[in-house]
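# Commentary on secondary and tertiary structure
Given next are the chains, with one letter for each unit.
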Amino acid sequence: MSRTLHTALTGNPGTVRLSASMLDRSADDCGDFAAAKARPQMWPSTGGRRRYAPWETFPLGLVMSVLDAVEFGGADPAAATAAAIEGNRNPVHPGAAAWIAHACDTYLEAAESLAAELAADGVPIEPERHPRIVQGGASPAEMRALTAWGRWYGSPDGTVVEFRRLRMRHPIGTPDTPSTLAMGYIAAAGHRAANPQDVYRTIPVPLLERGPRPERVRVVEIGLTGGGVKVLLDGSPEDVHPLYRATAVPVASGLLDGGPRSPGRDCAECKLLGSCDTLAHTPGLLGLRGRGTHRRTWSMTTDRQYQICPAQAHLRELHIPGAEPESTAVRRGLLVHRWLEVAHSRPGAPACTRRDLPAPGEPDLGLAEPLMAPDEYREILPFLRNHLPICPLDGPGPITEVVPEPRVASYDAEADVVVIASPDLLRRAGGELVYREQKTSDAHRGITAENALELVPQLALAVCLIADGALGPAGDSGGRVELEQLTPVSGDLITLRVSDPGVLATARRIVSDRARGWHGETGFRATPGPWCRFCPVSRWCADAEPADSTATTPLRLDGMTIDPVTGEVLRDGPSSSRAEALAAAVTEPEDDEEPPF
């Protein structure tokens, strides 16, 4: 374990409880967060007690409770779901409740199919109440445990053991990933916990006497929204052990050692938050009074969802899976961003030129070749050509510290909120810090220097982040924020100087106004309207306005007209924050990653 963990945390570092799913973490994730989380007997040296949300934050936990009642108590699924939701300690949002009911039904259908397949092979299988765990150590103070969160099954004679990992959307695992192999190892070598509740609260975990050694182990993933089933591993313990040692053990060892810190969405749950010098600390950034309900994470994506509908923002915060629309506007924006990210990541940070943009009919499309199909390149080429005159790497002055698509995080202790931002590019131009956002649209949106902060609130947040030092020294001129707007026929650049008192005052007002309602919200009521047709989680919302999937009539909202098929903004006029949020929602992709459970 790194020395920084020793100084920032107090307690016993020798006790380790590592969940197999943690082995899915990427090299870009924070190494010290994982190392600290895996040590349950260590806690911050300073800081107050953790506050918890006054609502249910873990829908999968309720899914597990319902499945326990069905598989071990013989309960009716619908009745068990209603009882679990009604009897839960914290209120469950109606949209989350709808997803939980769907997830339980989906799982039980998949479980029936899996049981039938094994029965056809002459292998009866039944649910196991006692989860398996691998643990050992010279003493309780040096205990190490490897766990797997999911559902366990076995044959009556104990020769077959199956672990099922629950995925909120669909299966995404592969047979050779460290997490899969760790789960297989637990199935092959683990002991059953005497009390399921002890696995995550007691060290060492009391165990039942070991039964017959498994001869066959399986790891299966089940998608709770789409219903997909994927058998990742099916073999003997002798097959699993060497693969686990060769692949999973080195990853686990590296994870426990800790590593480079990378501020982001882990920060709100991190034991190291109060002492982390890699995370920017910017008290007062959001300009809010009070600390809200508990520590949370906020971004302009959160705000956008909340402006459209508080229920949508809440369900997305819970990782409730949404629809995966692929409008013309979203697809085009993704392609342009991918090309720009690759172009701006080249060694030496050369500016983009016409040499980077071969004609569509050329056999080699250059930077675009591995990123997109020829017809997609043909579609975005006009946008890329209009980027050339305003490429951020083309000066003026020396261009240094170029970082495309960085992840920026800052902690506002006064509001108890971790603020996340995702610039399209950070750089220094002549020593001055420059934050750039880039947008594409089929026609010019009417965004000007005078209204840019209001219509593109990401720019307001960027101004505040620079002003408060979240991105490092701004330079003698105070830093600037840029908006690059690309259409098929034009490219223009709006520049806002952080040192301008009017710009900074307006930015602070906008950020505070945007965050205030969300910060004090506890009910997250749905606000249905014509925008429901674009809502990714409307299928879970009983209040959603019915939408005709074949409708082609443009949506008119507060002076704005949006094509429901392409997602293009057809016409702009004076508009509301909800209309602007909706325009962004239908033209910009959302991060919808599977949660790391």
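You'll find the structure just up there.
To start, this report covers the structure provided alongside it. Note that the coordinates shown come from a computational prediction; the quantities given were computed from them, not determined experimentally.

## Focus on the packing of aromatic side chains
Any pair of aromatic rings gets described here by the distance separating the centres and the angle formed by the planes. Enumeration over the complete set of coordinates arrives at four aromatic pairs. Between F58 and W149 the ring centres are 5.4 Å apart and the planes differ by 55°, which places this aromatic pair in the tilted class. Taken together, the residues span a long stretch of sequence, with F58 in the loop between β3 (42–44) and α3 (59–73) and W149 in the loop between β6 (144–147) and β7 (151–154) at a distance of 91 residues. Geometrically, the ring pair formed by W152 and F163 is tilted, given 4.8 Å between the ring centres and 50° between the ring planes. Taken as a pair, W152 in strand β7 and F163 in strand β8 (residues 160–167) lie far apart in primary sequence, eleven residues in all. The two residues W152 and F163 agree in class, both being buried. Here the basic side chain of R164 rests over the ring of Y153, its NZ or CZ set 3.6 Å away from the ring centre. Just above the ring of W518 sits the side chain of R296; from NZ or CZ to the centre is 3.9 Å.

## Concerning the sheet that holds strand β11 (residues 229–235)
The strand order across the open sheet formed by five strands is β4-β7-β8-β10-β11, and the pairing between neighbours is mixed. The two strands at the open ends of the sheet, each matched to only one other strand, are β4 (126–128) and β11. Here the strands of the sheet are splayed against their neighbours by 25° on average, with no regard to which way each runs. Across three bridges, β4 lies against β7 in antiparallel orientation. Each residue of the ladder has a partner; that of E128, found in β7, is W152. Each of β4, β7 and β8 touches α3; the most contacted strand, β7, lies at about 30° to it.

Thresholds, definitions, all that
Residues numbered from 1 in each chain as written. Predicted model: local features only at pLDDT ≥ 70, side-chain atom pairs only at ≥ 80, totals over all residues. Heavy atoms only, no water. Phe/Tyr/Trp six-rings, centres within 6.5 Å; stacked < 30°, edge-to-face > 60°. Helix = DSSP H or I, 4+ residues; strand = E, 2+ residues; numbered from the N terminus. Buried < 20%, exposed > 50% of the residue type's maximum accessible area, 1.4 Å probe, protein only. Lys NZ or Arg CZ within 6 Å of the ring centre and 35° of its normal. Pairing = 2+ DSSP bridges. Axes fitted to C-alpha atoms, helices over the stretch in contact; angles between N-to-C directions. Contact = heavy atoms within 4.5 Å.

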